Amino acid sequence: MKKYWIILLLFSGISAGQNTINALFDPGKVCRIEDGQLIFTLNLRWGEKEKKELTGLFDLDSLLLAGVYRGETEITFRGENWKVKKTGSGMVELYKPLDGMADGGTGKPQLYDLMDQWMNFRGETAEEQEVYGVNRFRLVNAFVYAGNLAQFYLPGFEKANRVYLAGSFNNWNTAATPMRFTGKGWITDLRLAPGKYTYKYVVDGRWTIDPSNQLTERGGAGTPNSVVFCPNHVFRLKGFQNAGRVVVTGNFHQWNPRGIAMNQLGDRWELPVWFREGTYVYKFLVDNRWMADPENPGTREDASGNLNSFLEIGEPYLFSLSGFPDARKVVLTGSFNGWDRGELVMNHTGKGWELPYVVPAGNYAYKFIVDGRWMTDPSNPFTTGSGETQNSFIALGANHIFELRDYSTAQNVLVAGSFNNWDPQGYRMVRKEGRWIFPVYLKPGKHTYKFIVDGKWMLDPANDLYEENQYGTGNSVLWTGQDSR
Amino acid sequence: MKFKLHIVACTVILFTLTSFQISEEVVISLPGDEVYRARMGEAGSMALFPLTEPDTDPVIIPLKRAGRLFLFDAMVDGESGNIIFDSGSKSVVLNSTYFRNRSKSVKVNSSGITGDVDQVSEITVSSLAFQGLEYKNLTVHLAGLGHIETKKGVKIIGLAGFNLFRKHETVIDPLNNELRLYRLDADGNRITKTPDFIPDEQQKIGGSGNILFLKGTIGDKQMNFCFDTAAETNVISSHSGKQVLNTLTITRRTTLKGAGQSTAEVLFGKMNDFSIGNHKITGMETVITNLSALTETYDTHIDGILGGSFLEHGTVCVNFVKSRIGISFTKENQK
């Protein structure tokens, strides 16, 4: 078997080499309009990769291309009459009259949809996924954060009439967060959870980057926005007053020995950091000498036997299973770890089995594997899916509860929406205190949904907001989180 | 009307040939005809004037971007959210998701797409306010804008064009992401002494409507373009003739499939030979498609639309009192 794999690999290597040789594929040179004809210039040496690209970029069906590469000279495909002519040196031209466009008549809304598609194709809305961040302010009091309260200070602008703070924390609302004048500058306080935020000041209507903040990133408008991190961890190292440079590094920084510089504050070194929820290992470097955090008892040994300090960000959730005193091994598995069957071995306690586990906020399906037998969590009434695919469901960091009153005789009530891909087997609601409920974690933003009561789809009767859908029956609309209003 | 758009998602192919390619069929439901009728409805297209204005001159309205759409924050009868600045709209249109419970009347447009029952829902709102400007007792149109909200991920309460800004000289400044509204005297001159807008190109505004048209040339042919800030790229009519179409580079094509056998081909590419006045702009992205259905509704023939791709190249100043539209092109070192 191994032998065949090696042969396959060899072939794929050759194929890759061939592609490199044929790297003449310039999307800007494939298609042109000439005297009313839409003309594609194709290289007969192109392989499957280039053909796939042609299909993707130009909607040229693979069957049509197959005809071209078979040497056909006239091809009728989906009502369009294509012709092929050789132009020498392994090149052909595939062409047809452009007047195919006259058939449809594209209305304006459809055009906007297309433009939107093509704009998004270009990746303009891509979001970075940093795992940590450290602030870089020139002015110490330009940003102060303590106890989830953030204070922003913009010095100067004494002649301005109105200054607002707008950023990712208030959906860039230019009129929601006014600043007050202190005589020397403008100040505002707002409650912010730990995290990364981008912002600008709006001085008499004019977007203004924070002059005290050295951190910026390019925003959707193509111009820089200021970036601030609300920290959820402070690295501290006492002593070492005579050290010249103390840095921290770890898996979050690819163990880069240059590290992130800590600040000397009297008899200690400190660095406030924002971390995305998860597990991290780290060490300090004091004048290039490695050391674990002396005040952190949590350590983990790496594969080479080095002891690193260990840090969990986020509240661990305690998964537990009562009973099963005679079981030899109980494993927790779920969508949070790719349904790995062996990674999360639970600990045996006097009353059953448990495992504290840090998972970012989100909706998760899970099961226990008791001595090889898969089972849902008997203590959790919330499930998703049905039959063999029914799993226990948990919303960690739940920020919304779907609720449907009445329908006391209903047997099966589900909620489906944009958050679970409108899965009709989706989230099974539970009857509690005269209503059907289902708690979920919803990302900040817009969500559309419906209830399914004994197979019948319905709008949320308690929600006035709905929008039309393609069936003319409407979908309920819900905005959540910081980006809502 | 429902079109099925077959698109192969090849997100990064434009940038690298070695990218892995994922194919999927994207089905897009297009509820947009209602939006289109609401934008083009005559009933709500009268010029609107603010009853309250801030002391400052100019009034600066900070613009936000969603893709290449320009948005500004506004409050309509207590409902806050974003309004799309849409110079291609005759009227103010509010999102039915948030305003559907108002008492509404149905009006028939005097002009419209041939063959359609061209009705538009109208409501009256007490107040539309942003950046210290407040408009009272407005008659506006209603349409479902939920599909734009979903795609852009932001709350859209409506869209509005120049019928809000006819009293001022309006400068659309994409470089600084702001609209500047200057107060004018009866002759259309700025009341407060500020340096005048110095256009590189100036054209007369034709007609009396809220939609503006610009004359440009491609391949030496003079073209009439609609100026539309809500179009994320430019558009060129597929009926523009050989001398125009031969100058374009085509980088993408798709086929929209309508009811029955009907299809509409749409191309995407670059404009290599576009000029406006004495200024040449190369490399602007453009869609190429059949615009005949659209042309009828503008009361004038159009050869294309200048939208987001055009606005990347300059600042536009509109003065309805003087019937002038001017463009100051962004110099390379300003970008």
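What you are looking at is a predicted structure, and each value in this text was computed from that prediction instead of being measured.

### Examining the overall build of chain B
From N to C terminus, chain B includes six helices and 24 strands. Scored against the burial criterion, the 335 residues of chain B give a buried share of 63%. Contacts spanning at least 24 positions in sequence make up 66% of the contacts within chain B whose residues lie at least 6 apart. For chain B, the exposed surface amounts to about 12500 Å²; the carbon and sulfur share of it is 50%.

### A word on the packing of aromatic side chains
Residues and elements named next belong to chain A. With the rule as written, the count across this model stands at 48 aromatic pairs over all chains. Pairing Trp 422 with Trp 457 gives two aromatic rings, centres 6.3 Å apart and planes at 35°, and the pair type is tilted. In this pair, Trp 422 is assigned in the loop between strand E35 (413-417) and strand E36 (427-428) and Trp 457 in strand E40 (residues 456-458), connecting sequence segments 35 residues apart. By relative accessible area, Trp 422 is classed as partly exposed at 28%. In this structure an aromatic cluster arises from ring pairing among Phe 137, Phe 143, Tyr 145, Phe 152, Phe 169, Tyr 197, Tyr 199 and Tyr 201.

### Some thoughts on the confidence of the model for chain B
Residues and elements named next belong to chain B. Looking at chain B as a whole, the pLDDT averages 80, with 80% of positions reaching at least 70. Ranking the helices and strands of chain B by mean pLDDT puts strand E11 (residues 169-173) first, with 96, and strand E1 (residues 4-5) last, with 32. Note on residues 1-31: pLDDT under 50 across the span, and 73 contacts to partners over four residues away in sequence or across chains. Note that residues 110-116 has pLDDT below 50 and, in this model, 13 contacts with residues that lie over four places away or in other chains.

### Comments concerning the pairing of strand E15 (residues 224-230) of chain A
Residues and elements named next belong to chain A. Burial within E15 is extensive, with six of its seven residues counted as buried. Where strand E12 (residues 195-203) meets E15, five bridges bridge the pair, whose relative direction is antiparallel. Looking across to E15, one finds that Tyr 199 is bridged to Ser 226. Relative to E15, strand E14 (residues 216-218) is paired through three bridges, and the arrangement is antiparallel. Counterpart to Arg 218 in the pairing with E15 is Pro 224.

### What about the nonpolar core?
Counting 84 residues, the largest nonpolar core has Phe40(A), Leu42(A), Phe130(B), Phe165(B), Phe227(B), Phe274(B) and Phe310(B) as the members making the most contacts within it. Sorting elements by how many residues they give to this core places strand E9 (residues 133-143) of chain B first, with five residues. Those residues in contact with Phe310(B) that sit more than four places away from it in its chain are Leu214(B), Phe227(B), Asn234(B), Phe274(B), Ile276(B), Ile281(B), Met284(B), Ile327(B) and Phe329(B). In terms of nonpolar packing, the next biggest core, distinct from the first, is built from 22 residues, Phe419(A), Trp436(A), Leu442(A) and Met458(A) among them.

### Some words on the environment of Arg102(B)
All names here are of chain B. Tracing the sequence through the fold places Arg 102 in the loop between helix H2 (96-99) and strand E7 (104-108). With 40 residues separating them in the primary sequence, Arg 102 and Leu 142 have C-alpha atoms 9.9 Å apart. Look past the residues within four positions of Arg 102 in its chain and what remains in contact with it is Asp 77, Ile 123, Thr 124 and Val 125.

### A short note on the pattern of salt bridges
Opposite charge on two side chains permits them to pair, given that their charged atoms come into close proximity. Counting across every chain of the model gives 34 salt bridges over all chains. The shortest N-O distance in the salt bridge between Glu80(A) and Arg253(B) comes to 3.4 Å. Here the residue Glu80(A) occupies a position in strand E4 (residues 80-88), and Arg253(B) occupies one in strand E17 (residues 248-257), the pair thus bridging two chains. Take Glu80(A) and Arg253(B): they sit in the same class, and that class is buried. With a shortest N-O distance of 2.6 Å, Lys155(B) and Glu79(B) are connected by a salt bridge. One end of the pair, Lys155(B), is in the loop between helix H3 (146-152) and strand E10 (156-160); the other, Glu79(B), is in strand E5 (residues 79-85), and 76 residues separate them in sequence. One salt-bridge network, in which partners are shared between bridges, spans Arg32(A), Glu34(A), Lys85(A) and Glu93(A).

### Focus: the environment of Thr349(A)
Along the chain, the position of Thr349(A) falls in the loop between strand E28 (347-348) and strand E29 (352-357). When the C-alpha atoms of Thr349(A) and Ser320(A) are compared, they prove to be 9.8 Å apart, with 29 residues separating the residues in sequence.

### So, unusual backbone geometry
A cis geometry characterises the amide bond from Asp57(B) onward to Pro58(B), with omega recorded as 5°. By secondary structure assignment, the location of Pro58(B) is in the loop between helix H1 (33-40) and strand E2 (59-62). One non-glycine residue, Asp59(A), lies in positive phi territory at about 55°. If you trace the backbone, Asp59(A) turns up in the loop between helix H2 (48-58) and helix H3 (62-70).

### Let's talk about the side chain of Thr177(A)
Residues and elements named next belong to chain A. In this fold, Thr 177 is placed in the loop between strand E9 (163-167) and strand E10 (180-181). At 2.9 Å, the side chain of Thr 177 and the side chain of Asn 170 are in polar contact. When neighbours within four sequence positions are excluded, Thr 177 is seen to be in contact with Val 163, Tyr 164, Leu 165, Asn 170 and Thr 188.

### Notes on the side chain of Ser89(B)
Residue and element names in this part refer to chain B. Assignment of secondary structure puts Ser 89 in the loop between E5 and strand E6 (93-95). At 2.8 Å, the side chain of Ser 89 forms a polar contact with the backbone oxygen of Ser 91. Apart from the residues within four sequence positions on either side, Ser 89 is in contact with Arg 39, Leu 159, Gly 161, Asn 210 and Ile 211.

### Looking at the sheet that holds strand E34 (residues 400-405) of chain A
Residue and element names in this part refer to chain A. As summarised here, the arrangement of the three strands in space is E34-E38-E37, forming an open sheet in which the pairing is antiparallel. The open sheet is flanked by E34 and strand E37 (430-432), the only strands paired with a single partner. The average angle at which neighbouring strand axes cross in this sheet is 35°, direction not considered. In this sheet, strand E38 (residues 435-440) lies alongside E37 in antiparallel orientation, the contact comprising three bridges. Bridge pairing in E38 links Lys 432 to Arg 435.

### Notes on H2(A)
Within H2(A) the residues assigned to the buried category are Glu50(A), Lys51(A), Glu53(A), Leu54(A), Gly56(A), Leu57(A) and Phe58(A). Just downstream of H2(A) lies Asp59(A), where phi reads positive at about 55°.

### Considerations on the confidence of the model for chain A
Residue and element names in this part refer to chain A. Averaged over all residues, the pLDDT of chain A equals 85, while 87% of them reach at least 70. Segment residues 1-23 is flagged for pLDDT under 50; beyond a separation of four residues in sequence, or across chains, it makes five contacts in the model. Throughout residues 102-106 the model reports pLDDT below 50, and contacts reaching past four residues in sequence, or to other chains, amount to 13 contacts.

### With respect to the environment of Pro360(A)
Residue and element names in this part refer to chain A. Its location among the elements puts Pro 360 in the loop between E29 and strand E30 (362-370). Expressed as a C-alpha distance, the spacing of Pro 360 and Glu 315, which sit 45 residues apart in the sequence, is 8.9 Å. Those residues within four positions of Pro 360 in sequence are excluded, and the remaining contacts are Glu 277 and Leu 396.

### Things to note about the sheet that holds strand E25 (residues 317-322) of chain A
Residues and elements named next belong to chain A. Spatially, E25-E29-E28 is the arrangement adopted by the three strands of the open sheet, whose pairing is antiparallel. Only two strands of the sheet have a single partner each, and these edge strands are E25 and E28. Direction of pairing for E25 relative to E29: antiparallel, over a ladder of six bridges. The residue of E29 that forms the bridge with Phe 319 is Leu 355.

### Some details on H3(A)
Count 3.6 residues to each turn of an α-helix, and residues three or four apart come out pointing the same way. Residues and elements named next belong to chain A. For H3, every residue scored as buried is listed here: Leu 64, Leu 65, Gly 67, Val 68 and Tyr 69. Here the buried face of H3 lies against strand E2 (37-43), H2, strand E3 (74-77), E4 and strand E5 (91-97). The distance from a side-chain oxygen at the start of H3 to the backbone nitrogen of Leu 63 is 2.9 Å, and the residue carrying that oxygen is Asp 61. One or two positions beyond H3, positive phi appears at Gly 71, with a value near 100°.

Parameters at a glance
- Residues numbered from 1 in each chain as written.
- Chains lettered and ligands numbered in written order.
- Predicted model: local features only at pLDDT ≥ 70, side-chain atom pairs only at ≥ 80, totals over all residues.
- Heavy atoms only, no water.
- Helix = DSSP H or I, 4+ residues; strand = E, 2+ residues; numbered from the N terminus.
- Buried < 20%, exposed > 50% of the residue type's maximum accessible area, 1.4 Å probe, protein only.
- Contact = heavy atoms within 4.5 Å.
- Areas by Shrake-Rupley, 256 points an atom, 1.4 Å probe, with all protein chains shown as cover.
- Phe/Tyr/Trp six-rings, centres within 6.5 Å; stacked < 30°, edge-to-face > 60°.
- pLDDT = per-residue confidence, 0-100.
- Pairing = 2+ DSSP bridges.
- Core = buried A, V, L, I, M, F, W, Y, C linked by side-chain atoms within 4.5 Å.
- Salt bridge = Lys/Arg side-chain N within 4 Å of Asp/Glu carboxyl O.
- Polar contact = N/O pair within 3.5 Å; in protein donor to acceptor, adjacent residues only side chain to side chain.
- Axes fitted to C-alpha atoms, helices over the stretch in contact; angles between N-to-C directions.

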